[in-house]
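Here is how the chains run, residue by residue.
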Amino acid sequence: MSIYAKLAELNITLPPVAIPAAAYVPFVQTGNLVFLSGHIAKKDGKPWVGQLGKNLSTAEGQAAARAIAIDLLGTLHAAVGDLNRVTRIVKLMSLVNSTGDFTEQHLVTNGASELIGQVFGAEKGAHARSAFGVAQIPLGACVEIELIAELA
């Protein structure tokens, strides 16, 4: 099944690439690797603000991470022209805006990892990953995720 058929099956429409809010580009390709800049969680088109362990639950964080994964896929599509060219999602790095005693950053990040696995399948979608708790993310967003992909 093509990536686009899988996205349609999941009722996912890819968004356009967001305009960078600072001095960076949304993606860079070097050789057969594409590096996507960090994407922050958005809800209703605005930053999804909050802090895990304070005013957001793990389930809400997972939903935010899943929303970011959809945005990342939109940027990856813009970067490569055809998501079927992706041979592997190499790595996700997740920053979770969380209190000092919140320890479920890995579970929050599963919201993105699980969607990536559904879209790309077990082989192409299995990726290395880091999930960090941080004191703050730009614009007060609850989660930020970056992605590295390999192309054919």
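Quantities reported herein were computed from a predicted structural model and do not represent experimental measurements.

K.L.:
How should I be thinking about the sheet that holds strand S1 (residues 27–30) in this particular structure?
P.N.:
Whether parallel or antiparallel, the strands of a sheet pair through hydrogen bonds between backbone atoms. With mixed pairing, the five strands of this open sheet are ordered in space as S1-S2-S7-S5-S6. Looking at which strands have only one partner, the edges of the open sheet turn out to be S1 and strand S6 (128–134). Pairs of neighbouring strands in the sheet enclose a mean axial angle of 15 degrees, with direction left out of account. Of the strand pairs in this sheet, S1 and strand S2 (residues 33–40) are connected by four bridges, and their pairing is antiparallel. Its bridge partner being in S2, Phe 27 is matched across the sheet by Leu 36. Packing of helix H3 (residues 105–125) onto the sheet brings it into contact with strand S5 (86–97), S6 and strand S7 (143–151), and relative to S5 it is tilted by some 175 degrees.

K.L.:
Can you help me understand the environment of Phe 27 in this one?
P.N.:
Note that Phe 27 resides in strand S1. Separated by 49 residues in the primary sequence, Phe 27 and Leu 76 place their C-alpha atoms 7.9 Å from one another.

K.L.:
When you look at the environment of Ile 89 in this model, what are you seeing that I'm missing?
P.N.:
Relative to the assigned elements, Ile 89 resides in strand S5. Separated by 31 residues in sequence, Ile 89 and Thr 58 place their C-alpha atoms 24 Å apart. The contacts of Ile 89, once residues within four sequence positions are left out, are Leu 76, Ile 116, Phe 120, Lys 124, Gly 125, Ala 126, His 127, Leu 147, Ile 148 and Ala 149.

The rules behind the values
For every chain, the first residue of the written sequence is number 1, and numbering continues from 1 onward in sequence order. Under the rules for a predicted model, residues below a pLDDT of 70 receive no local features and side-chain atom pairs below 80 are neither given nor counted, while totals for whole chains, interfaces and linings still include all residues. Derived side-chain values reflect all non-hydrogen atoms in the structure, with water molecules and hydrogen atoms excluded from consideration. One requirement defines pairing of two strands: DSSP has to find at least two bridges between them. The helix count covers DSSP runs of H or I at least four residues long, the strand count covers runs of E at least two residues long, and both are numbered beginning at the N terminus. Helix axes are fitted only over the stretch in contact, all axes being lines through C-alpha atoms; the angle between N-to-C directions runs from 0 to 180 degrees. By the convention used here, residues are in contact when the closest approach between their heavy atoms is within 4.5 Å.

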